[in-house]
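Listed below, chain by chain, are the residues.
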Amino acid sequence: MKTSVFSQVSIDGKLTLGPGQSSKPLFSLFDGGDMEYIHKFRGIVDGIMVGKNTITTDNPFLTNRYEENKNPVRIVPTRTMDIPLDSHVLADEGQTILVTTELGKDERKIELLRERGKECLICGEDKVDFAKLFSILEQNYGIHRLMVEGGGFLNWHVFNEDLVDEIILMQLPIIIGGASNITLVDGEGYTRLDFTKKFKVVEVQPKDHYTLLRYMKAV
């Protein structure tokens, strides 16, 4: 499976204007063509993955608004299933897979979601096993290309487990700052250079409102 981390970031790598805030204000800096690029990218992937915090703060639909019948399968990993049932991805008719753990599963909520036509996977004991999950998504659901639009915590997990093939960044020409703000990758981080995840630059393309940066995993 080819996995692309796709994100909108400031020059200093921030995803929002502060801890706990939505990323939506940053999208106001894009024009219609920029938004179309984002949505049409969703049309060429089989699945799109976001974390629980994105669902609770942004409440996105995660659909392709520019092309009919080209919506990706929505995948939401959450260790404890504490996601509101009225979230768009759980309340509409689109295909959604909620992924949780043995420790965090809620049988009542799972039953409610399955009654709505949503799917629930148990993948991991006390935290989501992403390597196992990615294998299941490809083998059982035919997801051969995955778009990850996660926050810093979800992104950390997929990078840390060497599951990312490509990074696509729409870098806005702004500085946000904030030591506690969410960045592209948070988590534990690495303190040794030889542990870091290495990528090579394959595209740098200046646009009117952002710079498109694309990286591929270094072999």
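Everything discussed here concerns the structure shown above.
As the structure is a prediction and not an experimental result, all values here were calculated from the model.

1. Let's talk about helix α2 (residues 32–42)
The complete set of buried residues in α2 reads Asp 34, Met 35, Ile 38, His 39, Phe 41 and Arg 42. Along the axis of α2, the buried positions cluster into a sector of 155°, meaning they face one direction only. Tucked into the core, α2 has its buried residues touching β1 (2–9), α1 (24–27), β2 (47–49), β6 (145–148) and β7 (166–171). Where α2 starts, the residue carrying a side-chain oxygen 3.1 Å from the main-chain nitrogen of Gly 33 turns out to be Asp 31.

2. Considering the sheet that holds strand β3 (residues 73–77)
Strand pairing in a sheet relies on backbone hydrogen bonds, with the paired strands running either antiparallel or parallel. A sheet is described by the order of its strands in space; here 9 strands give the open sequence β5-β4-β3-β2-β6-β1-β7-β9-β8, paired in mixed fashion. Taken across any chain shown, the strands that pair with only one partner, and hence form the sheet edges, are β5 (119–122) and β8 (199–206). Averaged over neighbouring strand pairs, the angle between their axes works out to 20° when direction is ignored. Two strands pair when backbone bridges link them, and β3 and strand β4 (residues 96–100) are joined in this way by 4 bridges, in the parallel orientation. Across the sheet, the residue bridging to Ile 75 is Ile 97, located in β4. Along the sheet face, helix α7 (residues 152–160) touches β1, β2, β3, β6, β7 and β8 and points at about 145° away from the line of β1.

Cut-offs used in this document
Every residue gets a number counted from 1 within its own chain, in the order that chain's sequence is written. The predicted origin of the model limits local features to residues at a pLDDT of at least 70 and limits the giving and counting of side-chain atom pairs to 80 or more, whereas totals for whole chains, interfaces and linings rest on all residues. The basis for the side-chain values is all heavy atoms of the structure; hydrogens and waters are excluded. Each residue gets one of three labels from its accessible area relative to the maximum for its type: buried under 20%, exposed over 50%, partly exposed in between, using a 1.4 Å probe on protein chains only. Numbering of helices and strands runs from the N terminus, with a helix taken as a DSSP run of H or I at least four residues long and a strand as a DSSP run of E at least two residues long. Taking the helix axis as origin, the arc is that swept by the directions to the C-beta atoms. Contact definition: two residues touch when any of their heavy atoms are within 4.5 Å. Two N or O atoms count as a polar contact when they lie within 3.5 Å, although within protein this holds only if one can serve as hydrogen donor and the other as acceptor, and sequence-adjacent residues are included solely when both atoms are side-chain atoms. Any two strands with at least two DSSP bridges between them are considered paired. In this analysis, axes come from line fits to C-alpha atoms, helices being fitted only over the stretch in contact, and the angle between any two N-to-C directions falls in the range 0 to 180 degrees.

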